[in-house]
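Working through the structure, step by step
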Amino acid sequence: ENALLNSFQREEFIADSYLRFIVEELKPFIDGRYSTLSDRDNTLIMGSSMGGLISLYALCEYPDYFGAAACLSTHTPAAIGDFEHEAEPWSKAFRDYLKDNLPAANSRVVYMDYGDGTIDAGYGPYQALVDSLFAEKGWAEPHFISRFFPGHQHDETSWQQRLHIPLELLLGAE
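Residues numbered from 1 in each chain as written. Predicted model: local features only at pLDDT ≥ 70, side-chain atom pairs only at ≥ 80, totals over all residues. Heavy atoms only, no water.

**A short note on the overall build of the protein**
Where we set the bar: Under the DSSP-based scheme used, a helix requires at least four consecutive residues in state H or I and a strand at least two consecutive residues in state E, with every element numbered from the N terminus. Throughout this description, buried means an accessible area under 20% of the type-specific maximum (1.4 Å probe, protein chains only), exposed means over 50%, and partly exposed covers the range between. The method behind every accessible area is Shrake-Rupley, applied with a 1.4 Å probe, and residues are considered shielded solely by the protein chains displayed.
Check the secondary structure of the protein and you find seven helices and four strands. Mapped from its N terminus to its C terminus, the protein presents α and β elements in the order α-α-β-α-β-α-β-α-β-α-α. For the protein, buried positions account for 41% of its 174 residues. Accessible area for the protein stands at about 9500 Å²; split by element, carbon and sulfur atoms hold 52% of it.

What follows is the structure, encoded as structure tokens:
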């Protein structure tokens with residue numbers, strides 16, 4: 001897997017620059033301008049598809065900043081486009097990363113979900129491996145939640161239909 005990841009020959013992934021922007025520029029700007037609860041336990045990150053993948057990555061890379069991650073239709077195969085044929089090694093490389101970098105079990109909240117329509121149709125086996133990894137590391141509900149939504153697709157309409165679930169879980173129902 002290292003050869004695969006190193007094949008990009010970059011000093012860092014664009015994801016690292018994106019997360020650095022959120023943590024070093026965007027979050028301080030928002031916290032400085034608005035009345036926020038800026039501590040880790042009141043800061044969450046959320047995304048769908050590759051945004052779900054980077055949200056989980058953010059929780060690992062910046063555990064002092066994020067107390068929760070909501071990951072909708074997380075692209076757990078971790079390979080797209082020209083790299084789809086390499087989904088297995090990409091997914092394993094990301095799971096290996098998680099194995100080494102997840103915060104302590106049940107010290108944060110992680111919500112993940114997926115459907116069975118369009119691209120989500122292929123996510124089940126990969127999500128099951130992620131779920132198993134979390135369980136092996138000692139994570140359990142209510143700190144790790146993984147949900148399957150039959151009939152939901154990999155699109156904004158499906159995400160909108162279930163968005164209230166992670167929002168209520170992470171922010172409260174009020």
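**Examining the packing of aromatic side chains**
We count it as follows: Two rings belonging to Phe, Tyr or Trp (six-membered ring only in the last case) form a pair when the distance between their centres is within 6.5 Å. Interplanar angles under 30 degrees mark stacking, angles over 60 mark edge-to-face geometry, and anything in between is tilted.
This model, assessed by the stated rule, comprises six aromatic pairs. Each ring, one from Tyr 57 and one from Tyr 97, has its centre 5.3 Å from the other, and the planes form 50°; the classification is tilted. Taken together, the residues span a long stretch of sequence, with Tyr 57 in helix H3 (residues 50-61) and Tyr 97 in helix H4 (residues 87-101) at a distance of 40 residues. Take Tyr 57 and Tyr 97: they sit in the same class, and that class is buried. Both rings, one in Phe 94 and one in Tyr 97, keep their centres 6.0 Å apart while their planes meet at 20°; by these two values the pair is stacked. In this pair, Phe 94 and Tyr 97 are both assigned in helix H4, three residues apart and thus about one turn of the helix distant. Taken individually, Phe 94 and Tyr 97 each receive the classification buried, so the pair is uniform in this respect.

**Remarks on the state of the cysteines**
To keep things clear, this is the line we draw: The disulfide criterion used throughout: a pair of cysteine sulfur atoms within 2.5 Å.
Considering all chains together, one arrives at zero disulfides under this definition. The thiol of Cys 60 is unpaired, and the distance to the nearest cysteine sulfur, on Cys 71, comes to 9.6 Å. Residue classification places Cys 71 among the buried positions, given a relative accessible area of 0%.

**What to know about unusual backbone geometry**
Geometrically, the link from Glu 141 to Pro 142 is a cis peptide bond, its omega value of 10° lying close to zero. Here Pro 142 shows up in the loop between helix H5 (124-136) and strand E4 (144-149). With a phi angle near 45°, Ser 73 is a residue other than glycine that sits in the positive phi range. For Ser 73, a relative accessible area of 0% puts it in the buried group. The residue Thr 118 is not glycine, and still its phi comes out positive at about 50°. Position of Thr 118 relative to the elements: it lies in the loop between strand E3 (109-115) and H5.

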